[in-house]
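# Breakdown of the fold
Listed below are the residues making up each chain.
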Amino acid sequence: MAFNINFKRKLFFYYFSIFFIVTIAFIAFQYNRERQFKIAQLENSLNSITELSNNFISSNDLIAKNKIHLLDSLLQIMPTGDTRLTLIDVEGVVLFDNFVDDYTQMENHLNRPEINKAKLADNRAGSFIRESLTTGQAFYYYAHYYNDYYIRAAVVYDIEVKKFLKAEKLFFVFIAFWFVITWLILSYVTGKMSESITKLKDFAVQLRQNKPLVEDYQFPKNELGVIGKQIVSMYKKMMETKDALSLEKEKLIRHLYVLNEGIGFFSSEKDTLLTNTHFVQYLNLIGEKSSLNPQQVFEIKEFKTLHEFLHKYLAQNNFPHQNSDLPQIEFTIKKSSYYFEIKCILFQDKSFEIYINDTTKLEKRKLLKQQMTSNIAHELKTPVTSVSGYLETILNNKDIEEEKKDYFIKKATKQCNRLSALIEDIVLLNRIEEAGDYYERSTLAIAPLVQEFIEDREKIIKQQHATITLKVDDTVQVKGNKSLLSSVFQNLLDNALAYAGENVKVTVEMYHEDDAYYYFSVRDNGLGIPKEHMSRVFERFYRVDAGRSRKMGGTGLGLAIVKHAVNMHRGEVSVKNGVDGGAEFYFNLPK
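Read on for an overview of the structure.

Another aspect to go through is the pattern of salt bridges. One pass over the full model with this rule turns up 14 salt bridges. As a salt-bridge pair, R536 and E539 come within 3.1 Å of each other at their nearest N and O atoms. A relative accessible area of 36% places R536 in the partly exposed class. You can call E539 partly exposed: its relative accessible area is 31%.

Set out below in structure tokens:
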């Protein structure tokens, strides 16, 4: 099982290891230095003996006079009585040895280690510790070479000499004391240094485990503490930024899912990153296969232009870094009765966005506006031509009778009124389509609204012997725009009075309700609507009987206004012929 060591102990171990190595090296160096110093002291003493002996031999010319034995007298006056003195000639023959009585019988000493060293050394001195082959004792030998002979001084290598050559114990006591002090200092220093790093480690572990930052991290007042505080501060700011970005991302994702457009984001490898529901729906409308997923946008043949665009730019190595220079493409796909606007933009990292917008309504509205413009031109042409004709007749016939002049003026005025009504209906219809959501809405009672119309049309009702029955309680109230709802009932009742014939009976009834809507009907017992015209009565400028409609002053937009006004109130309108004849209009309005 692995043994985990915390950072403080590791740091202490590293520093202590370095200190220990340095200390051991220092001890070894100092011990060797101390020993060399003691050896030098011993050798200086032995060298003094050899120098003194050499001076004695030279001054008394002992070798030439063959009085070497007089060296004993010199040794008697030396303070170190246990010193062994040996005189050896250059051939290695022992001339004198105070530790051996019959030194003339001693073997040749030329190859003794200390003699060899002295012969080869620059200072002509050499030393060696060994056991004497003659006496069997261990000696510390020191030999000095003096051109004609070697003088060797030696001391018995016993306990006293060994003790002398050892380093002082006080030195080791000092080293041990310094070792303990350093241990304590290192422990304190590493503890302080590791405290900040341990805090950072705990902080990192807490982050890795996705735990909330509940602890207010306090770091030591040192450089590592400052770094730790800065890291924690930067992390908190980063988390705040991350949370803000996550919130914005969540908003963006939610926004994508409520858009009516299809949005898809893809990586540079064409992997799906994010798409909304409309993107998938539109792909299935465009593609020939069913149950398509976002990844199959790169397989649908209708997107060939997109495929070529992506192939061209995704293969490029040099890519623009300015947003204004990013590659973009825009084209339109027509599939069956649908129109789709396709856009694509590549970003700096070669990820890209595909945008699909269903423009079918816009395209149809464009066609409808073209048709409406044509119809408007046609509808305007008749009254304008009539007015122009009447006025030209008056202008070209100065002597025309007053009675005829009044007749032409009345006809021109009637056409002008028709033209004015046509323009008003066109403006109203366009306003409902383009700005329906901006109409002011309030709570309205339906019964007074219809009653007001009946009172305004009282003269016409009597002339046609018509009857309008109102079956709506005063408590029935809807949420809507008064002007538009007035137009709904006005146009439906005007149509009934104008086209159902005389003695017509019209009924306005609230026949059903639920939690959200009231359901109304406007029924008459007139001629009804031919079946072949039933599906088109709500179209602009469509007339069942065009000649009669113009004669009655109709603009051909009344029922179109009814449909758009009801739809704007989030209701629906329909028409059918009654069982006993007559037209029946049904629609609902919100409570």
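Right, picking up where we left off after that structure.
So, about the sheet that holds strand 2 (residues 94-97). Two orientations exist for strands paired in a sheet by backbone hydrogen bonds: parallel and antiparallel. If you trace the five strands from one edge of the open sheet to the other, you get 2-1-5-4-3, paired in antiparallel fashion. Looking at which strands have only one partner, the edges of the open sheet turn out to be strand 2 and strand 3 (125-131). Between one strand axis and the next, the sheet turns by 20 degrees as a mean value, whatever way the strands run. Sitting on the sheet, helix 4 (residues 113-120) is in contact with strand 1 (84-89), strand 3, strand 4 (138-145) and strand 5 (149-156), with an inclination near 170 degrees to strand 3.

Here we come to unusual backbone geometry. What is expected of a backbone is that most residues other than glycine have negative phi and most peptide bonds are trans. In this structure, R124 is a non-glycine residue whose phi angle is positive, near 60 degrees. Despite not being glycine, K270 has its phi angle at roughly 70 degrees, a positive value. Within the fold, K270 resides in the loop between strand 6 (262-266) and strand 7 (272-275).

Turning our eyes to something else, we now look at the packing of helix 14 (residues 482-499) against helix 17 (residues 558-568). As a packed pair, helix 14 and helix 17 sit with axes 9 Å apart at the nearest point and diverge in direction by 145 degrees. The handedness of the crossing between helix 14 and helix 17 comes out as left-handed. Listed contacts from helix 17 to L484, S487, V488, N491, L492 and N495 of helix 14 are G558, L559, I561, V562, A565, V566 and M568.

Definitions and cut-offs
Residues numbered from 1 in each chain as written. Predicted model: local features only at pLDDT ≥ 70, side-chain atom pairs only at ≥ 80, totals over all residues. Heavy atoms only, no water. Salt bridge = Lys/Arg side-chain N within 4 Å of Asp/Glu carboxyl O. Buried < 20%, exposed > 50% of the residue type's maximum accessible area, 1.4 Å probe, protein only. Pairing = 2+ DSSP bridges. Helix = DSSP H or I, 4+ residues; strand = E, 2+ residues; numbered from the N terminus. Axes fitted to C-alpha atoms, helices over the stretch in contact; angles between N-to-C directions. Contact = heavy atoms within 4.5 Å. Left-handed = near helix turned anticlockwise from the far one by under 90°.

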